[in-house]
Amino acid sequence: MPQAFRSTLLSLRDLLLSAGPLAFLAVGLLVLAYWWLNPTPPRQVTLATGPAQSAYEAFGKRYQKALAAEGIEVVLVPSDGSSANLQLLRDGMADLAFVQGGTAELQPSDQEDLQSLGSLFVEPLWLFYRTPDAPKRKQSGRLDSLPQLRGLRVNVGTPGSGVPTLMEKLLDANSMKPTDVKLSRLGQTDATVQFLAGKLDVLVFASAPESMMVQMLLQTPGVQLMDFAQNEAYGRRFPFLSPVSLPRGVVDLAGNVPPEDVRLVASTTALLAREPTHPALLQLFAQAGQVLHGGAGWFNRAREFPNTRHSELPIAAEADRAINEPVPLLQRYLPFWLANLIERMWLVLGILLAALLPLSRIVPPLYQFRVRSRVFRWYGRLREIESDMELGQLPRSELAQALDQLEIQVEKVSVPLSYADELYALRNHIHLVRQKLPQA
């Protein structure tokens, strides 16, 4: 093996042995910090949506597609609706869920166990009735108040949808009892079939306008949408309701559907998450919500949603940043997984660097000691030979032989070029001691 190459290998070995303990400590602390911070989100998350053909199901599929681009599998959990979704969160059967304001009573523990990713969209209360029933209630042929529903067959949806709870509050505000109407609690699909068959007079459900059921009923001949003439009053009486208006022709401009503005009441739907849900997942969902719900709709202008207003639960910090602050700088240029890793580990990396920098100062002296010790340890043997020479107890031949063996050993020593002067100094000192040998 060439001497230069051998010297290089020895230098690298000494450097590794000198800096190895510090590097091992740094790697160990980094692994410990990674385990403690857990910056990488799980690859699977569950999202409670709603009934088949509902707006919740449609939005769930959009979130599923958006997060699949980041390598996250979103498992959709169908349910009866808003109230059922809230219970799924409480029971730990879902990580996130769509929940409509005012459709369920929040428990004190929800303030600690759940958090909101912001309000996503409004869900009007759609009250459809068949046209032949309206003249019986009002000469104009249209219904515009809840008391006109007395005696009619009204379906308010399954208990899990939250609409029965909401309707109970509205009927009570109108001094009506649930027994004043013939209530039924069928699912959306079954109720719609019976409604179109004439077995139900009124169909009530809360949903975003993207719902296929809403789109179909709005354009079904003989079906009318109730006009909430007192929608402003409802908005003042109930903090979770807002007065909205369905503009004339917004459903179908060519067909002029609806033929005139329809006043409605609506609640906002939020995306809720369980407290243990990984922060990176919350950030991904909140950023996806910006894209999916940021456009203009029937009841809002562009960029009105998502927002952090009127939230019944604490807003997650990740959602607040995603909604109210620009996209993080690193995420503009790096893949999400890498940007997320750096964002969540940079503080720990800074602390480790601050702690290890002072310790790193011991590496150069340690390296220097290891290299020089290869030379200095032979000075001990040279000192022994010189002591034996001064005592005169050994013959000249044995002393000369000892010096010859020492020279052979020293010739095998390899040091970096920067320390070669010390090696040559040792050889020179051996020569000086040899000159002191007694003459034969």
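Scroll up to find the structure this text is about.
Residues numbered from 1 in each chain as written. Predicted model: local features only at pLDDT ≥ 70, side-chain atom pairs only at ≥ 80, totals over all residues. Heavy atoms only, no water.

Student: Is there a simple way to think about the packing of aromatic side chains in this case?
Tutor: Applying the stated criterion to the full structure yields 10 aromatic pairs. Through a chain of ring-to-ring contacts, the aromatic side chains of Y56, F59, Y63, F98, F121 and F285 assemble into a single cluster. (Phe/Tyr/Trp six-rings, centres within 6.5 Å; stacked < 30°, edge-to-face > 60°.)

Student: Help me understand the pattern of salt bridges in this model?
Tutor: Note that side chains of opposite charge can pair when their charged atoms are close. Under the defined criterion, the tally for this structure stands at 9 salt bridges. With a closest N to O distance of 2.5 Å, D227 and R263 form a salt bridge. Of this pair, D227 sits in the loop between β8 (223-225) and α8 (231-237) while R263 is found in strand β10 (residues 262-274), placing the two residues 36 residues apart along the sequence. By relative accessible area, which is 35% here, R263 ends up partly exposed. Note that E318 is salt-bridged to R321, the shortest N-O span being 4.0 Å. With E318 and R321 both in helix α10 (residues 317-324), this residue pair falls 3 residues apart, about one helical turn. When salt bridges with common partners are traced through the structure, they connect R130, R153 and D201 into a single cluster. (Salt bridge = Lys/Arg side-chain N within 4 Å of Asp/Glu carboxyl O. Helix = DSSP H or I, 4+ residues; strand = E, 2+ residues; numbered from the N terminus. Buried < 20%, exposed > 50% of the residue type's maximum accessible area, 1.4 Å probe, protein only.)

Student: Is there a simple way to explain helix α3 (residues 82-90) in this structure?
Tutor: Along an α-helix, residues three or four apart share an orientation, since each turn contains 3.6 residues. Within α3, 7 of the 9 residues are buried, which leaves it mostly tucked inside the rest of the structure. Residues of α3 that are buried: S82, S83, A84, N85, L86, L88 and L89. In this structure, the buried side of α3 is in contact with β1 (44-48), α2 (55-68), β2 (73-77), β3 (96-100), β4 (114-130) and β10. (Contact = heavy atoms within 4.5 Å.)

Student: How should I be thinking about the layout of surface pockets in this particular structure?
Tutor: The gaps left among the atoms become clear once a water-sized probe is rolled over them. Space inside the largest pocket adds up to approximately 350 Å³. If you go around the largest pocket, you meet 21 residues; those closest to its centre are G101, T268, H310, S311 and E312. Per-class residue counts for the lining of the largest pocket are 10 nonpolar, 10 polar and 1 charged. Size it by volume and the second largest pocket reaches roughly 290 Å³. For the second largest pocket, the lining is made up of 26 residues, of which P51, D80, S161, Q188 and F205 are closest to its centre. Looking at the lining of the second largest pocket, the elements with two or more residues in it are α2, α6 (188-196) and β7 (202-206). Top contributing element to the lining of the second largest pocket by residue count: β7, with 4 residues. (1 Å grid on protein atoms, 1.4 Å probe; cavity = no way out; pocket = protein on both sides within 12 Å on 5 of 7 lines; lining within 4 Å. Points joined across faces, edges and corners; volume = space filled by probe spheres on them. Nonpolar A, V, L, I, M, F, W, Y, C, P; charged D, E, K, R; others polar.)

Student: Just checking my understanding: could you explain the environment of E390 for this structure?
Tutor: Looking at where E390 falls in the secondary structure, it is placed in helix α13 (residues 363-391). Taking C-alpha positions, E390 is 9.8 Å from P438, a pair spaced 48 residues apart along the chain.

Student: Teacher, can you tell me more about the packing of α2 against helix α9 (residues 279-293) here?
Tutor: Think of two packed helices as two axes; the pair is described by the angle between the axes and how far apart they sit. Two numbers describe how α2 lies on α9: the axes approach to 10 Å, and their chain directions differ by 120°. Taken together, the axes of α2 and α9 lie oblique to each other. The handedness of the crossing between α2 and α9 comes out as right-handed. For the pair formed by α2 and α9, the contact residues are F59, R62, Y63, A66 and L67 on the first element and L284, F285, A288, G289, L292 and H293 on the second. Considering only residue class, the contact of α2 with α9 consists of 8 nonpolar, 2 polar and 1 charged. (Axes fitted to C-alpha atoms, helices over the stretch in contact; angles between N-to-C directions. Parallel < 35°, antiparallel > 145°, perpendicular 65-115°, else oblique. Left-handed = near helix turned anticlockwise from the far one by under 90°.)

Student: Can you help me understand the pairing of β3 in this one?
Tutor: Working note: regular strand, side chains alternate between the two faces of the sheet. The buried fraction of β3 is high, at 5 of 5 residues. Every second residue of β3 is oriented toward a common face, with L96, F98 and Q100 on one face and A97 and V99 on the other, all of them buried. Sheet analysis places β1 next to β3, joined by 2 bridges and oriented parallel. Bridging from a neighbouring strand, A48 pairs with A97 of β3. Note that β3 and β10 share 5 bridges and pair antiparallel. If you follow V99 over to β10, its bridge partner there is A270. (Pairing = 2+ DSSP bridges.)

In short, shape yes, function no, at least from these values alone.
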